[in-house]
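Per-entry structural report
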Amino acid sequence: MIKVTLISLASLSLVLTSLAADADIRRGKTLHDENCTRCHDSSVYTRPNHRVTDLDMLNQQVHRCRDSQGFTWPEDQVSDVVHYLNNTYYHFGDAKTTK
């Protein structure tokens, strides 16, 4: 009985962690699509000579864009956009380290 309970708790934890990550990516995509595509399309992320070469640079660039465009995103929303862009285009590692 105890083993089953521990396995169930571990499984539940993995599911909740996965759902939280998906929610961040979804919110990041929504924020990106509603704001960032005003200035550029996705080709800026996929061109061979893109300027962003690591997670720190990606985080800095999202902050620059937010500030220059006057977006009022708090840090958790910036992190969600970074997480979305990293997961979708860059694949530098865990974007959650940017918080």
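Observations regarding the layout of surface pockets
When its volume is computed, the largest pocket comes out at roughly 270 Å³. As for the largest pocket, its lining consists of 15 residues, of which Val44, Tyr45, Val52, Gln61 and Cys65 are closest to the centre. In terms of residues, the lining of the largest pocket owes the most to one element, helix H3 (residues 55–69), which gives four residues. Each residue belonging to the lining of the largest pocket can be placed in one class, and the counts come to 10 nonpolar, three polar and two charged.

What about the confidence of the model for the chain?
Residues at a pLDDT of 70 or more form 71% of the chain, whose mean pLDDT is 82. Model confidence for the chain, summarised as mean pLDDT per element, is weakest for helix H1 (residues 2–35) at 67 and strongest for H3 at 97. Scored below 50 in pLDDT, residues 12–20 shows zero contacts in the model against residues more than four places distant or in partner chains.

A short note on the nonpolar core
One finds Leu58, Val62, Trp73, Val81, Val82, Leu85 and Tyr90 to be the most contacted residues of the largest nonpolar core, which totals 16 residues. Sort the elements by how many residues they give to this core and helix H4 (residues 75–90) lands first, with six residues.

Let's talk about the packing of aromatic side chains
Two numbers describe a pair of aromatic rings. These are the distance of the centres and the angle of the planes. Summed over the entire model, instances satisfying the criterion amount to five aromatic pairs. Ring geometry for tyrosine 45 versus tyrosine 89: centroids 4.8 Å apart, planes at 35°, classification tilted. Residue tyrosine 45 is found in helix H2 (residues 43–46), and its partner tyrosine 89 is found in helix H4; the two are separated by 44 residues along the sequence. Centroid distance tyrosine 90 to phenylalanine 92: 5.2 Å. Interplanar angle 15°. Geometry classified as stacked. Judged by its relative accessible area of 30%, phenylalanine 92 is partly exposed. Taken together, Tyr45, Tyr84, Tyr89, Tyr90 and Phe92 form an aromatic cluster joined through their ring pairs.

What counts, and where the lines are drawn
Along each chain, numbering runs from 1 in the same order as the chain's sequence is written. Local features in this predicted model are restricted to residues of pLDDT 70 or higher, and side-chain atom pairs are both shown and tallied only at a pLDDT of 80 or more, whereas totals for entire chains, interfaces and linings draw on every residue. With hydrogens and water stripped out, all remaining heavy atoms of the structure feed into the side-chain values. Detection works on a 1 Å grid of protein atoms alone, calling trapped sets that fit a 1.4 Å probe cavities and calling open sets with protein on both sides within 12 Å along at least five of seven lines pockets, with lining residues defined by an atom within 4 Å of a point. Grid points are joined across faces, edges and corners, and a volume is the space filled by probe spheres set on the points. Each helix is a run of DSSP H or I of at least 4 residues and each strand a run of E of at least 2, with the numbering of both proceeding from the N terminus. Residues are grouped as follows: Ala, Val, Leu, Ile, Met, Phe, Trp, Tyr, Cys and Pro are nonpolar; Asp, Glu, Lys and Arg are charged; every other residue, Gly included, is polar. pLDDT gives the predictor's per-residue confidence on a scale running from 0 to 100. We call two residues in contact whenever any of their non-hydrogen atoms come within 4.5 Å of each other. We define a nonpolar core as any set of buried Ala, Val, Leu, Ile, Met, Phe, Trp, Tyr and Cys residues linked to one another through side-chain atoms lying within 4.5 Å. Only protein chains enter the area calculation, which uses a 1.4 Å probe; residues under 20% of their type maximum are buried, those over 50% are exposed, and those in between are partly exposed. Aromatic rings from Phe, Tyr and Trp, with only the six-membered ring used for Trp, were paired whenever their centres fell within 6.5 Å, and each pair was classed as stacked if the ring planes differed by under 30 degrees, edge-to-face if by over 60, and tilted otherwise.

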